Structures are given as structure tokens and as C-alpha cells.
2 protein chains.
Amino acid sequence: MTRKEIIELIGNKKSFLCIGLDTDPNKIPKHLLNEQDPVFQFNKAIIDATHDLAIAYKPNFAFYESRGVHGWESLTRTIQYLKSFNVFTIADAKRGDIGNTSQQYARAMFDEKSTGMDFDAVTVAPYMGEDSVKPFLSYPGKWIIVLALTSNKGAFDFQFFQGEEHKLFEQVLCRSKNWGTIENMMYVVGATQANMLADIRKIVPDHFLLVPGIGAQGGSLREVAKYGLTKDCGLIVNSSRGIIYASSGEDFAEKARAEALKTQKEMEEILSSIS
Amino acid sequence: MTRKEIIELIGNKKSFLCIGLDTDPNKIPKHLLNEQDPVFQFNKAIIDATHDLAIAYKPNFAFYESRGVHGWESLTRTIQYLKSFNVFTIADAKRGDIGNTSQQYARAMFDEKSTGMDFDAVTVAPYMGEDSVKPFLSYPGKWIIVLALTSNKGAFDFQFFQGEEHKLFEQVLCRSKNWGTIENMMYVVGATQANMLADIRKIVPDHFLLVPGIGAQGGSLREVAKYGLTKDCGLIVNSSRGIIYASSGEDFAEKARAEALKTQKEMEEILSSIS
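Residues numbered from 1 in each chain as written. Chains lettered and ligands numbered in written order. Predicted model: local features only at pLDDT ≥ 70, side-chain atom pairs only at ≥ 80, totals over all residues.

Peer 1: Hey, could you run me through helix 4 (residues 68-82) of chain B in this one?
Peer 2: Spacing of three or four residues puts side chains on the same side of an α-helix, whose turn is 3.6 residues. All names here are of chain B. End to end, helix 4 covers 21 Å across 15 residues, agreeing with the expected 21 Å (1.5 Å per residue, within 8%). Taken as a whole, helix 4 has its buried residues at Gly-68, Gly-71, Trp-72, Ser-74, Leu-75, Thr-78, Ile-79 and Leu-82. Looking straight down helix 4, one finds that the buried residues subtend no more than 160 degrees of arc, so they occupy a single side. (Helix = DSSP H or I, 4+ residues; strand = E, 2+ residues; numbered from the N terminus. Expected span 1.5 Å × (residues − 1). Buried ≥ 20, exposed ≤ 12 C-beta atoms within 10 Å, placed from the backbone. Arc of directions from axis to C-beta.)

Here's what the structure looks like:
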């Protein structure tokens with residue numbers, strides 16, 4: 001999916017919402033557990049109920065890997081199902097390894113013939129540097145989303161490590177932004193660090209930012225928009241638990257839609273300031 | 001596996017060799033391709049031919065994920081097969097995410113009931129800080145192996161980022177070494193950076209180091225031992241391509257054994273200096 005198509009999607013849906021599919025079999029409604037693939041059935045119901053309100057979906061790989069082979073089956077079914085909707089799909093896998101290994105990870109996420117999975121984007125960790133992320137950029141039309149400033153407490157351990165001119169996360173932005181372009185690279189910036197977005201926009205004024213941490217993690221959408229919004233929107237804001245676990249009853253999909261709609265309405269208002 | 005057991009294993013086998021199972025279906029001998037699971041059959045033959053010479057095996061997850069569900073099946077079979085030998089098993093997955101997500105990754109690697117996989121150790125990326133690696137430490141008897149200084153060119157992009165007192169990789173060592181103990185934490189230090197090992201030993205004198213980069217990547221075993229060896233050995237040195245792809249013919253396992261034996265003999269000589 002091209003940058004232009006993402007911007008059109010945001011304009012058409014009046015939304016920059018990404019729904020995180022952190023689907024935990026212990027948290028999904030009990031009545032689904034009789035299904036053959038309860039996790040996929042849950043995801044399908046969430047997607048059916050929200051795809052007009054969300055521009056992106058982000059399965060979190062850990063929640064699938066923790067069920068081994070069966071989890072990968074649910075994940076594969078989910079990405080295949082997502083492909084029938086006009087949405088941007090993000091493999092939240094946070095991979096990164098030496099070049100020849102990252103090539104294999106890129107194939108895992110992007111090469112439908114090899115794995116049945118054909119995501120539009122993958123999250124990658126920057127610690128191992130350029131050759132660890134470049135192989136993902138060799139797939140035309142695909143995106144990498146590099147971890148810059150994350151939404152967790154541990155972000156303070158190393159991401160704020162102070163160099164002569166910059167903190168580490170700023171160094172990651174400064175150096176990596178030339179590895180690709182604004183047409184194939186985004187950054188993860190946690191909503192819990194919204195006040196840092198003003199400084200981040202000085203380094204990457206035009207890149208799209210994937211912003212987790214709204215909802216369960218405590219980030220504020222208004223704050224994120226205040227500091228991070230660009231003329232093209234430039235933001236994809238993720239909510240996972242706050243939407244997908246809005247209810248644990250048979251009305252889970254309906255309640256998820258109600259939560260997504262609430263967020264979409266807030267986003268519509270925010271977007272009206274740039275249209 | 002405890003630290004004491006690892007040290008005994010090294011003493012008994014007179015080896016600190018880890019064999020990296022970076023098994024690529026495009027590189028394994030053609031005659032195996034008729035098998036039901038060629039990748040597992042390849043791994044099995046390599047393990048059968050080398051388990052008395054190697055103390056550890058390290059499947060590289062990327063090479064399995066790039067085959068999707070089928071790759072995870074091969075991976076699961078491989079770890080289950082490894083469990084019948086007295087070897088230390090490392091999930092080379094380089095994971096790391098916020099706390100509740102890392103819990104799921106830990107389950108994926110360590111909880112046999114959930115996934116059929118029961119590795120002794122997992123490699124983790126430090127960028128997201130303490131809460132991204134701590135969940136792995138809640139499994140008694142399991143290890144995390146934190147990326148410190150990697151063997152690739154991209155290591156120079158951020159790992160050498162200079163702070164007031166330290167470079168980033170030194171900061172990772174200084175701060176993270178208190179998250180666990182020498183009984184449940186190791187570090188990745190690339191053999192291509194062997195000369196850095198002397199300084200690294202000043203920060204982590206007793207931790208085991210997992211050292212990739214011997215062989216195809218150009219690192220020298222002698223150099224690594226010169227700077228990194230401790231009275232308990234303190235090193236697990238990995239070789240992947242140099243051993244497993246020693247031959248592409250029907251004699252691949254035999255040739256892999258010959259390569260492993262060559263390395264083990266060199267290690268035996270090195271170990272004699274501390275016994």
C-alpha cells in the first residue's frame with residue numbers, strides 16, 4: 001500500500017485508528033471456545049464489526065507464537081481474511097537480526113507464496129543497525145516501522161541514553177531516516193511520551209508515526225494529535241485491549257465497535273482541523 | 001539447565017561449541033527434499049552426527065518463520081528431538097516487547113504445554129528495556145541472552161553510540177546485568193569484535209557470553225578465547241553455516257561432523273589452559 005493510498009484511506013474513513021489484535025485465548029468470550037479456531041473467529045468478528053472505522057490492523061505476533069503451530073495457523077488465517085478489506089496491515093513482530101537472517105524474516109512477513117502471509121508493514125528493532133532492517137525494504141510497496149520511542153517503562157533504560165548531541169532514540173531517527181524514504185518507513189512513538197512528539201517532529205517532520213499506548217497504557221489521543229499531527233495526518237494510532245476486550249460477553253464485537261466508533265469520532269474532529 | 005550443568009557439559013565434552021541450525025530449504029542436500037519434513041530430517045542428521053562434540057544448538061527462528069506454519073512444525077520437531085540429548089538449547093529469536101507481550105513470547109519459547117517447545121534459553125533485544133526482558137526470567141532454570149555487541153556491520157550504527165561514560169553496548173551491560181544473575185543471564189558478543197572482549201570482561205567478568213560470527217562471518221576462535229575466556233570457560237561459541245553446510249552432498253552430516261570435530265579439537269586445546 002502506498003503512502004498516497006494510506007492518506008486517502010484516512011480521508012475516506014475519517015479515521016487514523018489501528019486496532020491491535022493482541023488476541024489471548026484466555027480473554028476471549030467463552031462461547032467462542034467451541035469453535036475450531038476460536039482466536040481467528042474472534043478476530044474475524046472484531047474485523048467485521050470495525051473495518052469501516054479502522055484504517056489498519058496490527059496482529060501482535062507474541063500472542064500467536066505463544067500457541068505454537070496453532071497460533072501461526074490463526075495468524076495466517078487472520079492476515080488472509082484482512083486482505084479482503086481496504087486496510088493497512090501491520091505485522092507487529094519487532095524483528096531484527098543480521099542481514100541474511102533479516103532476509104528470512106522479511107520473507108516470513110511479506111512473501112505470500114512462502115508463508116501465506118502478506119502484510120503491508122512490519123515493526124523492526126533498531127539495535128542491530130542498518131543491515132538488520134534493510135532486507136525488509138527490498139520488497140516494493142512494503143513498509144518497515146522502526147522502534148524509536150516506545151510506550152513502556154523500560155523505554156527509559158536505553159532510549160533516553162544521552163550522547164553528545166542526542167538521546168539514543170533521536171540518534172535512531174536521525175540515522176535511520178536515510179535508510180528508506182517517507183514512502184516506505186514509519187516510526188513507533190509511544191503515546192505515553194506524547195510531549196516528546198514536538199521534538200521528534202523536528203527530526204522526522206513528514207514520516208508517519210505508529211503510536212501505541214492509547215487506552216490501557218494511559219496515553220491521550222488529544223495530546224498525541226497536538227504534537228504529532230501533520231498536514232497529511234502523519235499518525236496511525238493503535239488501540240488494542242481498550243477495543244477488543246470492551247466486553248467479554250456475547251456482545252463483544254458490538255461493544256468493540258462502540259469503542260472504535262468513539263475513538264473514530266474523536267479522530268474525525270481532530271482531522272477536521274487539517275482538511 | 002543450571003550454570004553448573006553447563007560448566008560440567010563443557011568439561012565432559014571438552015567443547016564450548018554451539019551449532020546454529022540456520023536451516024534453509026534452498027541449501028540442504030537435494031536428496032532430502034523427498035522427505036516429509038526435509039528441514040527436520042536435515043537437523044536430525046546434523047544433531048545425530050555432532051551431539052557429542054557440541055554443548056549447545058541454536059535454531060535461528062527466522063529460517064523457520066520464513067516457511068510459515070510448516071516452518072514452525074519443523075522447529076517444534078527439532079526442539080523436541082534435541083531434548084533427548086544432553087545439550088543446551090537456545091531459541092535464537094531476538095524478541096523484545098512491552099511486558100505483557102514479552103510474557104507471551106516467554107510462553108512461546110519456554111512453556112512446553114502451550115507450544116511443544118521447551119528451550120533452555122532465548123536471545124532478546126535490549127532496546128525496550130527492563131520490562132521487555134524480565135518476563136523471560138520468571139521461568140526457573142531458563143536463561144535470557146541479551147544482545148550486547150553483535151557481529152554484523154550494523155553493530156556500528158547504534159551499539160557504539162557514545163554517551164558521557166560509556167558506549168551504548170557498555171551501558172546495556174552495566175544496566176542489565178542487575179536484572180538477573182550469572183545463573184540466568186548471558187550476553188551476545190560477536191566474534192568479529194573479539195578485541196572488545198577485554199573491555200567487556202571488565203563489566204561482566206563472570207557472565208557466559210554467546211559468541212556468533214566464527215567461520216562464515218570471519219571471527220577467530222583464538223582471538224575470542226584470548227580475551228573472553230574465564231576460569232569457568234564463560235564462552236559458548238556458535239558456528240552455523242561453516243558446519244551445517246560443509247557439504248551439499250549425501251555426505252553432509254559426515255562433513256558437518258568433520259568440521260565440528262576440527263573446532264572441538266581447537267576448543268579442547270584452549271580449555272586445557274584453564275583446567
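Peer 1: Explain the pairing of strand 2 (residues 56-59) of chain B here, please?
Peer 2: Regular strands show a simple pattern: their side chains alternate between the two faces of the sheet. All names here are of chain B. In strand 2, alternate side chains face the same way, and those of Ala-56 and Lys-58 on one face and Tyr-57 and Pro-59 on the other are all buried. Regarding the hand of the β-α-β motif, the stretch spanning strand 1 (residues 17-21), helix 2 (residues 38-50) and strand 2 is right-handed. Pairing analysis gives two bridges linking strand 2 to strand 3 (residues 88-95), with the strands arranged parallel. Bridged to Ala-56 within strand 3 is Phe-88. (Right-handed = clockwise from strand over helix to strand, strands pointing away. Pairing = 2+ DSSP bridges.)

Peer 1: Explanation requested: the nonpolar core in the structure shown.
Peer 2: One recurring pattern in soluble globular proteins is that nonpolar side chains are buried together. One finds Ile-145 and Val-146 of chain A together with Ile-145 and Val-146 of chain B to be the most contacted residues of the largest nonpolar core, which totals 190 residues. Not counting chain neighbours up to four residues away, the residues in contact with Ile-145 of chain B comprise Ile-90, Ala-121, Val-122, Thr-123, Val-124, Met-186, Tyr-187, Val-188 and Leu-210 of chain B. (Core = buried A, V, L, I, M, F, W, Y, C linked by C-beta atoms within 7 Å. Contact = placed C-beta atoms within 7 Å.)

Peer 1: I keep staring at helix 5 (residues 99-110) of chain B and nothing clicks. Help me out?
Peer 2: Taking 1.5 Å of rise per residue, twelve residues should cover 16 Å, and helix 5 of chain B covers 16 Å from first to last C-alpha, within 8% of that figure. With nine of its twelve residues buried, helix 5 of chain B lies for the most part within the structure. Three or more residues of helix 5 of chain B are buried, namely Thr-101, Ser-102, Gln-104, Tyr-105, Ala-106, Arg-107, Ala-108, Met-109 and Phe-110 of chain B. Where the residues of helix 5 of chain B are buried, they touch helix 3 (61-65) of chain A together with strand 3, helix 6 (112-115), strand 4 (121-124) and helix 7 (130-133) of chain B.

Peer 1: What's the story with the relation of the copies chain A and chain B in this structure? I'm lost.
Peer 2: Both copies of the chain are placed relative to one another by a rotation about an axis and a shift along it. With an axial shift of 0.0 Å and an RMSD of 0.0 Å, the rotation relating chain A to chain B amounts to 180 degrees. Between the two chains, the operation in question is that of a two-fold axis. Of the C-alpha atoms belonging to chain A, the one lying closest to the rotation axis is found on Gly-163 of chain A, 2.1 Å away. Of all interface residues in chain A, 100% are interface residues in chain B too; the two copies therefore contact each other through one and the same surface. (Least-squares fit on C-alpha atoms with pLDDT ≥ 70 in both.)

Peer 1: What am I meant to see in the interface of chain A and chain B here?
Peer 2: In many analyses, interface size is given as the accessible surface area lost on bringing the parts together. Counting residues at the interface gives 51 residues for chain A, matched by 51 residues for chain B. Among the elements of the structure, helix 3, helix 4 (68-82), helix 5 (99-110), helix 6 (112-115), helix 7 (130-133), helix 8 (155-158) and helix 9 (168-176) of chain A are those that each provide at least two residues to the side of chain A that touches chain B. Per-element tally for the side of chain A that touches chain B: the top contributor is helix 5 of chain A, with six residues. When the residues that make up the side of chain A that touches chain B are grouped by side-chain class, the tally is 19 nonpolar, 20 polar and twelve charged. (Nonpolar A, V, L, I, M, F, W, Y, C, P; charged D, E, K, R; others polar.)

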